[in-house]
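Next come the chains, spelled out residue by residue.
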Amino acid sequence: MAAGAAALGASMYTATTAAGTVTADASANVLQPLGITAGAAMDFGDVAADPTVATTVDLTTGGTTSSTDGASVSGTPAAGSFSVSGTAAANYSISLPADNTVVLTGLGFDMPVNGFTDNLGGSGTLNGSGAQTFTVGATLTIPANQTADNYTGTYDVTVSYE
């Protein structure tokens, strides 16, 4: 009888049910659309290159310019500025142009703009009102013996929720 009881007990624990149901939760946090507007335009100021070699002008995110290889810089430079709006306290990332994708054009040779950087280090957090501003700098390369003119171009800045 003990063997029979053991066999009966074993079969009770090995039986399985054919189906099971559980109710699970689902949710979504809908954020306000993330917006970006351009403020001050990026401006390298007044620059004069060396007549025999290409030179560079560095524009900081603080709006100052310098050159370590012979370009003369003056005038009133300005970092590009941008305002972001969206959901309060949300984190976002900043995407800037890759090297060799932006040029300033005018009467002379095209002038590449590279080394884009922003003052937030590539990401930001919107304040309690859902807003934040940031600035952008870059490096301009001026060809040797460049023709005098007002050179212009455009660049894209993208922000995305993280």
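Residues numbered from 1 in each chain as written. Predicted model: local features only at pLDDT ≥ 70, side-chain atom pairs only at ≥ 80, totals over all residues. Heavy atoms only, no water.

Student: Got a sec to walk through the overall build of the protein chain? Specific residues and values, please.
Tutor: Looking only at helices and strands, the protein chain features 1 helix and 12 strands. Taking 15 Å as the expected radius of gyration for a compact globule of 162 residues, we find that the protein chain reaches 30 Å, considerably beyond that expectation. Along the three orthogonal principal directions, the C-alpha set of the protein chain runs to about 110 × 35 × 25 Å. Buried positions account for 25% of the 162 residues belonging to the protein chain. Across the protein chain, every contact between residues at least 6 apart in sequence was considered, and the portion connecting residues at least 24 apart equals 75%. Total accessible area computed for the protein chain in this model is approximately 9800 Å², and 54% of it derives from carbon and sulfur atoms. (Helix = DSSP H or I, 4+ residues; strand = E, 2+ residues; numbered from the N terminus. Rg over C-alpha atoms; globule rule 2.2 N^0.38 Å. Buried < 20%, exposed > 50% of the residue type's maximum accessible area, 1.4 Å probe, protein only. Contact = heavy atoms within 4.5 Å. Areas by Shrake-Rupley, 256 points an atom, 1.4 Å probe, with all protein chains shown as cover.)

Student: Describe the sheet that holds strand β7 (residues 91-95), and please don't skip the residues or the numbers.
Tutor: Read across the open sheet, the 3 strands follow the order β10-β7-β12; overall the sheet is antiparallel. The open sheet terminates on both sides in strands that have one partner only, identified here as β10 (123-125) and β12 (158-161). Geometrically, the sheet is characterised by an average inter-axis angle of 30 degrees between neighbouring strands, direction not taken into account. In this sheet, β10 lies alongside β7 in antiparallel orientation, the contact comprising 3 bridges. (Pairing = 2+ DSSP bridges. Axes fitted to C-alpha atoms, helices over the stretch in contact; angles between N-to-C directions.)

Student: With reference to specific residues and values, describe the layout of surface pockets.
Tutor: As a volume, the largest pocket reaches approximately 670 Å³. As for the largest pocket, its lining consists of 33 residues, and the residues nearest its centre are Gly45, Leu104, Met111, Asn150 and Tyr151. If you list the elements that add at least two residues to the lining of the largest pocket, you get β2 (46-48), β6 (80-85), β8 (102-104), β9 (111-118) and β11 (131-142). Among the residues making up the lining of the largest pocket, the classes are represented as 19 nonpolar, 10 polar and 4 charged. (1 Å grid on protein atoms, 1.4 Å probe; cavity = no way out; pocket = protein on both sides within 12 Å on 5 of 7 lines; lining within 4 Å. Points joined across faces, edges and corners; volume = space filled by probe spheres on them. Nonpolar A, V, L, I, M, F, W, Y, C, P; charged D, E, K, R; others polar.)

Student: An account of unusual backbone geometry is requested, with residue identities and associated values reported.
Tutor: Note: most residues except glycine have negative phi, and most peptide bonds are trans. The phi angle at asparagine 100 is positive, at roughly 65 degrees, despite the residue not being glycine. Despite not being glycine, asparagine 145 has its phi angle at roughly 55 degrees, a positive value. One can find asparagine 145 in the loop between β11 and β12. Judged by its relative accessible area of 58%, asparagine 145 is exposed.

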